[in-house]
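If you want the building blocks of each chain, they are given just below.
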Amino acid sequence: MAKLLQYFENYLADCETEVGAHAGESSKWIALVREQYAPHTLKRMLASQQDDVRRAAAWALSYLGDESHSCPLGMLLRDSARMVRTCADEARRAIAQRSQSPWQRQTVAKVEQLLADGLFKSATELASHLVDEVESRSDVYMLRAWVRFSDGDIEQAAEDCKRTLAIDPFSYQACVALGQCLWHLGRDLAARECYSEAARIYPDWEPARAGLQMLGANQ
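A. How the structure looks around the overall build of the protein. Looking only at helices and strands, the protein features 14 helices and 0 strands. Helices and strands in the protein line up, N terminus first, as α-α-α-α-α-α-α-α-α-α-α-α-α-α. Taking the principal axes of its C-alpha atoms as reference, the protein extends roughly 55 × 45 × 30 Å. Excluding contacts between residues fewer than 6 apart, the proportion of contacts in the protein whose partners are at least 24 apart in sequence is 55%. Carbon and sulfur atoms make up 51% of the accessible area of the protein, which amounts to about 11,500 Å² in all. With 25 positive and 31 negative side-chain charges, the protein shows a separation of 4 Å between the mean positions of the two kinds.

In structure tokens:
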């Protein structure tokens, strides 16, 4: 455990220097973690009583973890220590990106470009093709929800948000997106519940607080 903390501190020190950040010197600390700790050991460390250990374990899993670690990391999104919450969020993002295949990344980029060009029908069709190919991934439903919402198909966008949450109950982004859909559908109470849930999952997510304020939840 002491070694993990030292590796993490050395990593942070390297990242603070321009040379370390650009030359990739910090990667050596990840290699040392890989030699000393198995992913399941790092997963157990997420439950440590020490804030710095939970933070270091989350950092290590951002490089060494896989999709099976997204749930235990998701539980840390509401950790008592903000630094732990931030590391857990970053780790989940890193794992999601790393677990994408090159084809998935290319397809997502194409969908985003079609959406930027206002080609909603083509974007929806390609996003749906992506869903059909990798339906076990929550992020593909979230992508299609974004496309459908942009095209004004609010009800179907809401359904995709629900599918996202069924796969990943810690997706605070999907909670907020679902709240936005429900608000547009005139369901203010249900929207407020979504924003509240997003704030519960990840207290640092500003759009959740903004949604609550918009609905007058603080009055």
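B. Quick look at the packing of aromatic side chains. Taken as a whole and judged by the stated rule, the model has 8 aromatic pairs. Pairwise contacts between aromatic rings join Phe8, Tyr11, Trp59 and Tyr63 into one cluster.

C. Expanded view of the state of the cysteines. Under the defined criterion, the tally for this structure stands at 0 disulfides. Take Cys194: it sits in no disulfide, and the sulfur closest to it among the cysteines is that of Cys175, at 6.3 Å. By relative accessible area, which is 11% here, Cys194 ends up buried.

D. Representation of the environment of Ser62 in the model. When you line up the elements, Ser62 lands in helix α5 (residues 51-64). Apart from the residues within four sequence positions on either side, Ser62 is in contact with Ala91, Ala94 and Arg98.

E. Looking closely at the nonpolar core. Core analysis: the largest hydrophobic core is formed by 54 residues, its most contacted members being Leu4, Val33, Leu42, Trp59 and Leu73. If near-sequence neighbours (up to four positions away) are discounted, Leu4 is found in contact with Val33, Tyr37, Leu42, Met45, Ala56, Ala57, Trp59 and Ala60. Core analysis: the next-biggest nonpolar cluster, separate from the first, contains 12 residues, Val111, Ala123, Val140 and Tyr141 among them.

F. The arrangement of the packing of α5 against helix α7 (residues 82-98) in detail. α7 packs onto α5 with a crossing angle of 10° between their chain directions and a minimal axis gap of 8 Å. Relative to α7, the element α5 lies roughly parallel. Across the interface between the two elements, Asp51, Asp52, Arg54, Arg55, Ala58, Trp59, Leu61, Ser62, Tyr63 and Leu64 of α5 pack against Met83, Val84, Cys87, Ala88, Ala91, Ala94, Ile95 and Arg98 of α7. Split by residue class, the contact of α5 with α7 holds 12 nonpolar, 1 polar and 5 charged.

G. Structural view of the environment of Arg105. Looking at where Arg105 falls in the secondary structure, it is placed in helix α8 (residues 102-116). Separated by 18 residues in sequence, Arg105 and Cys87 have C-alpha atoms that sit 23 Å apart. Arg105 has contacts with Gln97, Arg98 and Gln100, leaving out every residue within four places of it along the chain.

H. Spatial organisation of the pattern of salt bridges. Evaluation of the coordinates by the stated rule reveals 14 salt bridges. Arg144 serves as the salt-bridge partner of Asp160, at 2.9 Å between the closest nitrogen and oxygen. Of this pair, Asp160 sits in helix α11 (residues 154-167) while Arg144 is found in helix α10 (residues 138-150), placing the two residues 16 residues apart along the sequence. Each of Arg144, Arg148, Asp160 and Arg163 takes part in one network of salt bridges that share partners.

I. View of the side chain of His69. For His69, the position within the fold is in the loop between α5 and α6 (70-75). Every residue in contact with His69, bar those within four places of it in the chain, is listed here: Pro39, Lys43, Leu61 and Ile95.

J. Structural detail: α7. Spanning 17 residues, α7 covers 24 Å between terminal C-alpha atoms, matching the ideal 24 Å at 1.5 Å per step. Those residues of α7 not exposed but buried are Val84, Arg85, Cys87, Ala88, Asp89, Ala91, Arg92 and Ile95.

K. Examining the side chain of Thr164 more closely. Among the structural elements, Thr164 can be located in helix α11. Relative accessible area serves as the criterion here: at 1%, Thr164 is assigned to the buried category. Among the polar contacts listed, one links the side chain of Thr164 to the backbone oxygen of Ser138, at a separation of 3.5 Å. If we skip the residues at most four places from it in the chain, Thr164 touches Ser138, Tyr141, Met142, Ser171 and Ala174.

Each value, and the rule that gives it
- Residues numbered from 1 in each chain as written.
- Predicted model: local features only at pLDDT ≥ 70, side-chain atom pairs only at ≥ 80, totals over all residues.
- Heavy atoms only, no water.
- Helix = DSSP H or I, 4+ residues; strand = E, 2+ residues; numbered from the N terminus.
- Contact = heavy atoms within 4.5 Å.
- Areas by Shrake-Rupley, 256 points an atom, 1.4 Å probe, with all protein chains shown as cover.
- Lys, Arg positive; Asp, Glu negative; His and termini not counted.
- Charge placed at Lys NZ, Arg CZ, Asp CG, Glu CD.
- Phe/Tyr/Trp six-rings, centres within 6.5 Å; stacked < 30°, edge-to-face > 60°.
- Disulfide = S-S within 2.5 Å.
- Buried < 20%, exposed > 50% of the residue type's maximum accessible area, 1.4 Å probe, protein only.
- Core = buried A, V, L, I, M, F, W, Y, C linked by side-chain atoms within 4.5 Å.
- Axes fitted to C-alpha atoms, helices over the stretch in contact; angles between N-to-C directions.
- Parallel < 35°, antiparallel > 145°, perpendicular 65-115°, else oblique.
- Nonpolar A, V, L, I, M, F, W, Y, C, P; charged D, E, K, R; others polar.
- Salt bridge = Lys/Arg side-chain N within 4 Å of Asp/Glu carboxyl O.
- Expected span 1.5 Å × (residues − 1).
- Polar contact = N/O pair within 3.5 Å; in protein donor to acceptor, adjacent residues only side chain to side chain.

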